[in-house]
Amino acid sequence: MTDTFKTFARSLTSPPENAAAIAPDDAALLPHVTRALYVGGAGDVALRMLGGDEVTFRGLAAGTLMPIRADMVKRDGTTATGLVGLW
């Protein structure tokens, strides 16, 4: 496999290189702070931003990609499904 961009510096504007499914939890931090959050099924997402602010994004459509740095996705208040953290 050839990675043409292997020698390029990574930044917050470059595409994520890793992903993992997220199971919302009111107490546990995510194993990796996100660079983006993918919403597979429509609904609300309650989360804590890396800076500590807690917010609920309401009425997200399926397929939404949110470019946010979050360290927790809360169970209480999250109705969206198929969440994937990207970093």
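One can find the structure itself at the top, above this paragraph.
Per-chain numbering applies: the sequence of each chain, read as written, is numbered from 1 onward. Side-chain atom pairs in this predicted model are given and counted only at pLDDT of 80 or more, local residue features only at pLDDT of at least 70, and totals for whole chains, interfaces and linings cover all residues. The basis for the side-chain values is all heavy atoms of the structure; hydrogens and waters are excluded.

Q: Where do I start with the overall build of the protein chain in this structure?
A: The numbering of helices and of strands both runs from the N terminus, where a helix is a DSSP run of H or I of at least 4 residues and a strand a run of E of at least 2. The helix and strand tally for the protein chain stands at 0 helices and 7 strands. Its helices and strands in sequence order give the protein chain the pattern β-β-β-β-β-β-β, from N to C terminus. When the backbone C-alpha atoms are referred to their principal axes, the protein chain occupies close to 40 × 25 × 20 Å. Three labels apply to residues, based on accessible area from a 1.4 Å probe with only protein chains included: buried if under 20% of the type maximum, exposed if over 50%, partly exposed otherwise in between. Counting only residues that meet the buried cut, the protein chain has 31% of its 87 residues in that class. Throughout, a contact is declared for two residues whenever any of their heavy atoms are within 4.5 Å. Contacts spanning at least 24 positions in sequence make up 65% of the contacts within the protein chain whose residues lie at least 6 apart. Accessible areas in this description were obtained via Shrake-Rupley with a 1.4 Å probe; residue shielding takes into account the shown protein chains only. With the model as given, the accessible surface of the protein chain reaches about 5600 Å², and the carbon-plus-sulfur share is 56%. A residue counts as positive if it is Lys or Arg and as negative if it is Asp or Glu; His and the chain ends are not included. The atoms used to mark charge sites are NZ of Lys, CZ of Arg, CG of Asp and CD of Glu. Mean positive and mean negative side-chain charge positions of the protein chain (8 and 9 charges, respectively) differ by 6 Å.

Q: Can you walk me through the sheet that holds strand S6 (residues 70-74) in this structure?
A: Hydrogen bonds between backbone atoms are what pair the strands of a sheet, whose relative direction is either parallel or antiparallel. Taken in spatial order, the 3 strands make up an open sheet running S4-S3-S6, and their pairing is antiparallel. The open sheet has two free edges, formed respectively by strand S4 (54-60) and S6, since each of these has just one partner strand. Mean inter-strand twist for the sheet, computed between neighbouring axes without regard to direction, equals 30°. Sheet topology note: the strand S3 (residues 43-49)/S6 ladder contains 4 bridges and is antiparallel. The partner of Met49 across the bridge, within S6, is Ala70. A pair of strands counts as paired when DSSP detects no fewer than two bridges linking them. Every axis corresponds to a line fitted to the C-alpha atoms, with the helix fit spanning only the stretch in contact, and the corresponding angles, defined between N-to-C directions, vary from 0 to 180 degrees.

Q: Got a minute to help me understand the nonpolar core in this structure?
A: Generally speaking, soluble globular proteins have nonpolar side chains that are buried together. Core analysis: the biggest nonpolar cluster contains 13 residues, and Leu37, Val39, Val45, Leu47, Val73 and Leu83 have the highest contact counts within it. At the level of secondary structure, the elements contributing two or more residues to this core comprise strand S2 (36-41), S3 and S6. Every residue in contact with Leu47, bar those within four places of it in the chain, is listed here: Leu37, Asp53, Glu54, Val55, Phe57, Ile68, Ala70, Met72, Val73 and Lys74. Grouping buried Ala, Val, Leu, Ile, Met, Phe, Trp, Tyr and Cys residues that are joined through side-chain atoms within 4.5 Å yields what is termed a nonpolar core.

Q: Where do I start with the pattern of salt bridges in this structure?
A: Side chains that carry opposite charge are capable of pairing whenever their charged atoms lie near each other. Whenever Lys or Arg places a side-chain nitrogen within 4 Å of a carboxyl oxygen from Asp or Glu, that contact is recorded as a salt bridge. Going through the model one piece at a time under the given rule, you end up with 5 salt bridges. One salt bridge in this structure joins Arg75 and Asp26, with 3.7 Å as the shortest N-O distance. Taken together, the residues Arg75 in the loop between S6 and strand S7 (81-86) and Asp26 in the loop between strand S1 (19-21) and S2 connect sequence positions 49 residues apart. Classification of Asp26 by relative accessible area gives partly exposed; the value is 30%. Here Lys74 makes a salt bridge to Glu54, at a shortest N to O gap of 3.9 Å.

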